[in-house]
Amino acid sequence: MDERHTGRTTRDGIRIHEKADFAGMHAAGKLAAEILDDVSEHVFVGQTTAAIDRFITDRVEAAGATSATIGYKGYQHASCISVNHVVCHGIPGDKRLKDGDILNIDVTVIVDGWYGDTSRMYVAGNLSRKSERLIQVTHDALFRGIEAVKPGNTFGDIGHAIQTYVEAQRMSVVRDFCGHGLGRVFHAPPNVLHYGRPGTGPVLEEGMFFTIEPMVNLGRPETKVLADDWTAVTRDKSLSAQFEHSIGVTADGCEIFTLSPAGTFHPTYTTG
Ligand code: MF3
Ligand code: CO
Ligand code: CO
């Protein structure tokens, strides 16, 4: 039987994967996480985001894997690199990083047909106190969301956990972009909202695979997309941060597919 057709789909169109599928996701997630570990030393003042992306492209190729983003809806790069007030989908280019810049690097790879999607924050040079707080709150918001993942809880519980934590810190959750189901596809149902009310939305079941990837702004939540049709920025130009993991629901919680092998998912604030 074609392995793509094992498992089933819920009434909300969410695929329920088999136990054996977790191994494929772990392999893909591990490669994406390793690449984000290794990219750290390429982030420094004066570096271009195009050079960072080139390193990522080479690492994907060296691993014998495929970039999920090159050719995706016309996108031409192996990563999205979103600097300062860029919320997500920043396009790598020739602009040089400046002292104090904060950036999200988002990588998605395909290994044996399975997708691994993860992003984290990096810093060029010295980190300001307000950037440090934004990064810490965004990181912790992702883990509040992850802690809400177990069968019987709902997607609204995940969003609620993230939103209440972020807003208690007087920061805001971006509404215009969300996490997503994934597996043998990049983006699948459901939309994983990073805000919401408890008990609403589809019920979590063992075997669901999806990302949680909250974007948090120091100012207001509104975004706009620039004329390049990709780059999303905060309307008020306030700083924005994001962290993303790909996870799978287990009988009593979840497994994170994109854990950092080096243990450097949280930025260590080493400067260059
Ligand atoms: N990796 C992003 C996500 O988290 C999607 C990037 S699509 C691209 O879903 F085309 F902009 F690369
Ligand atoms: Co994603
Ligand atoms: Co991503």
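Residues numbered from 1 in each chain as written. Chains lettered and ligands numbered in written order. Predicted model: local features only at pLDDT ≥ 70, side-chain atom pairs only at ≥ 80, totals over all residues. Heavy atoms only, no water.

(A) Here's a closer look at the sheet that holds strand S14 (residues 232-234). Taken in spatial order, the three strands make up an open sheet running S5-S14-S13, and their pairing is antiparallel. Edge positions in the sheet fall to strand S5 (86-88) and strand S13 (223-225), since each has one partner strand and no second. Direction aside, neighbouring strands of the sheet carry axes that sit 40 degrees apart on average. Note: S5 against S14, two bridges, orientation antiparallel. The residue of S14 that forms the bridge with Cys 88 is Ala 232. (Pairing = 2+ DSSP bridges. Helix = DSSP H or I, 4+ residues; strand = E, 2+ residues; numbered from the N terminus. Axes fitted to C-alpha atoms, helices over the stretch in contact; angles between N-to-C directions.)

(B) Representation of the nonpolar core. In terms of nonpolar packing, the biggest core is built from 35 residues, with Ile 158, Phe 210 and Ile 212 touching the most fellow members. Breaking this core down by element, the ones donating at least two residues are strand S7 (114-123), helix H3 (129-147), helix H4 (155-168), strand S11 (209-212) and strand S16 (245-249). If we skip the residues at most four places from it in the chain, Phe 210 touches Val 149, Phe 155, Ile 158, His 180, Gly 181, Leu 182, Val 192, Leu 204, His 245, Ser 246, Ile 247 and Val 249. In this structure, Val 39, Ile 52, Trp 114 and Phe 209 belong to the second largest nonpolar core, which totals 33 residues. (Core = buried A, V, L, I, M, F, W, Y, C linked by side-chain atoms within 4.5 Å. Buried < 20%, exposed > 50% of the residue type's maximum accessible area, 1.4 Å probe, protein only. Contact = heavy atoms within 4.5 Å.)

(C) Region of the structure containing the coordination of the cobalt ion (ligand 3). Ligation of the cobalt ion (ligand 3) by protein atoms is provided by Asp 106 (OD), Asp 106 (OD), Asp 117 (OD) and Glu 244 (OE), these donors lying 2.1 to 2.3 Å from the ion. The site at the cobalt ion (ligand 3) holds six donor atoms, and with the angles between them running 59 to 169 degrees, its shape is irregular. Site description for the cobalt ion (ligand 3): donor spacing in sequence, D-x10-D-x126-E. For the pair the cobalt ion (ligand 3) and the cobalt ion (ligand 2), the metal-to-metal distance amounts to 3.3 Å, and Asp 117 bridges them. A residue pair is termed long-range when its members are at least 10 positions apart, and Asp 106 in strand S6 (residues 102-111) and Glu 244 in the loop between strand S15 (240-242) and S16 qualify at 138 residues. (Donors = N, O, S within 2.8 Å, 3.2 Å for Na, K, Ca; no water. Tetrahedral: all angles 85-135°; square planar, octahedral: opposite > 155°, others 65-115°.)

These figures capture arrangement, not role.
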